[in-house]
Amino acid sequence: MASEPGHGRHDGMGSRSGERSDGHVRVPAPLPSLDAADAVVKASSAVPGGKVESIRPATEQGGGLAWQAVVLGPDGVRHLVTVDGADATITGNTTSYG
């Protein structure tokens, strides 16, 4: 279906999946070698009694791949926990209230 100028998609994406209207193609970020399920277990262990609300791949300083998880502690405090994507080391745990 053709669209008229000024009508159609407003998300910057073209008609083909993954192609933006400016011709650039979005490529998903590479995933860390550590399985996401293992990263969830490791991240939740960084906050005793915590539950992982979300997890996403991230790039660490120096270019390594990692997982960043938002972990809700039993006291209601949210932690941003970073898990190294190669060896499952906790490399960050910062808190925010909300």
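All values reported here derive from a predicted model rather than from experimental measurement. (Residues numbered from 1 in each chain as written. Predicted model: local features only at pLDDT ≥ 70, side-chain atom pairs only at ≥ 80, totals over all residues. Heavy atoms only, no water.)

Read from one edge to the other, the open sheet built from 4 strands follows the order E1-E2-E3-E4, with strand pairing classed as antiparallel. Where the open sheet ends on each side, the last strands, each with one partner, are strand E1 (51–59) and strand E4 (90–96). Across the sheet, the axes of successive neighbouring strands diverge by a mean angle of 20 degrees, strand direction being ignored. Note: strand E3 (residues 78–84) against E4, 6 bridges, orientation antiparallel. (Pairing = 2+ DSSP bridges. Helix = DSSP H or I, 4+ residues; strand = E, 2+ residues; numbered from the N terminus. Axes fitted to C-alpha atoms, helices over the stretch in contact; angles between N-to-C directions.)

Right, let's talk about the pairing of strand E2 (residues 65–72) for a bit. Sheet analysis places E1 next to E2, joined by 8 bridges and oriented antiparallel. Within the sheet, the bridge partner assigned to Val52 lies in E2 and is Val71. Connecting E1 to the antiparallel partner E2 that follows it, the hairpin turn spans 5 residues, and Gly62 within it adopts a positive phi of roughly 95 degrees. With 7 bridges connecting them, E2 and E3 associate as antiparallel partners. In the strand pairing of E3, Trp67 is matched with Val83.

It is worth spelling out the side chain of Asp84 at this point. For Asp84, the position within the fold is in strand E3. Of the side chains bearing the opposite charge, Lys42 lies closest to the buried Asp84, which forms no salt bridge; the N-O distance is 11 Å. The residues touching Asp84, leaving out its near neighbours within four places in the chain, are Leu34, Glu60, Leu65, Ala66, Thr89 and Thr91. (Buried < 20%, exposed > 50% of the residue type's maximum accessible area, 1.4 Å probe, protein only. Lys, Arg positive; Asp, Glu negative; His and termini not counted. Salt bridge = Lys/Arg side-chain N within 4 Å of Asp/Glu carboxyl O. Contact = heavy atoms within 4.5 Å.)

What follows covers the environment of Leu65. Inspection of the secondary structure assignment puts Leu65 in strand E2. Sequence separation between Leu65 and Val83 is 18 residues, and the spatial gap between their C-alpha atoms is 9.1 Å. Those residues in contact with Leu65 that lie beyond four places of it in its chain are Pro30, Leu31, Pro32, Ala58, Thr59, Glu60, Asp84, Gly85 and Ala86.

Here we take up the nonpolar core. In terms of nonpolar packing, the biggest core is built from 10 residues, these being Leu34, Ala39, Ala43, Val47, Trp67, Ala69, Val71, Val81, Val83 and Ala88. Going through the elements one at a time, helix H1 (36–45), E2 and E3 are the ones with two or more residues in this core. With 3 residues, the single largest contributor to this core is E2. Not counting the four nearest positions on each side in its chain, Ala88 is found in contact with Leu34, Lys42 and Val83. (Core = buried A, V, L, I, M, F, W, Y, C linked by side-chain atoms within 4.5 Å.)

This part covers the confidence of the model for the protein chain. Averaged over the protein chain, the pLDDT score is 82; the fraction of residues at 70 or greater is 73%. In this model, residues 1–16 is a region of pLDDT below 50 whose contacts with residues beyond four sequence positions or in other chains number 13 contacts. (pLDDT = per-residue confidence, 0-100.)

With respect to the element layout, Gln68 can be found in strand E2. Judged by its relative accessible area of 19%, Gln68 is buried. Gln68 sits 14 residues away from Thr82 along the chain, and the two C-alpha atoms are 4.5 Å apart. Among all residues touching Gln68, those that are not within four sequence positions of it are Ser54, Ile55, Arg56, Ala58, Leu80, Val81 and Thr82. Engagement of the side chain of Gln68 in a polar contact is seen with the side chain of Arg56, the distance being 2.7 Å. (Polar contact = N/O pair within 3.5 Å; in protein donor to acceptor, adjacent residues only side chain to side chain.)

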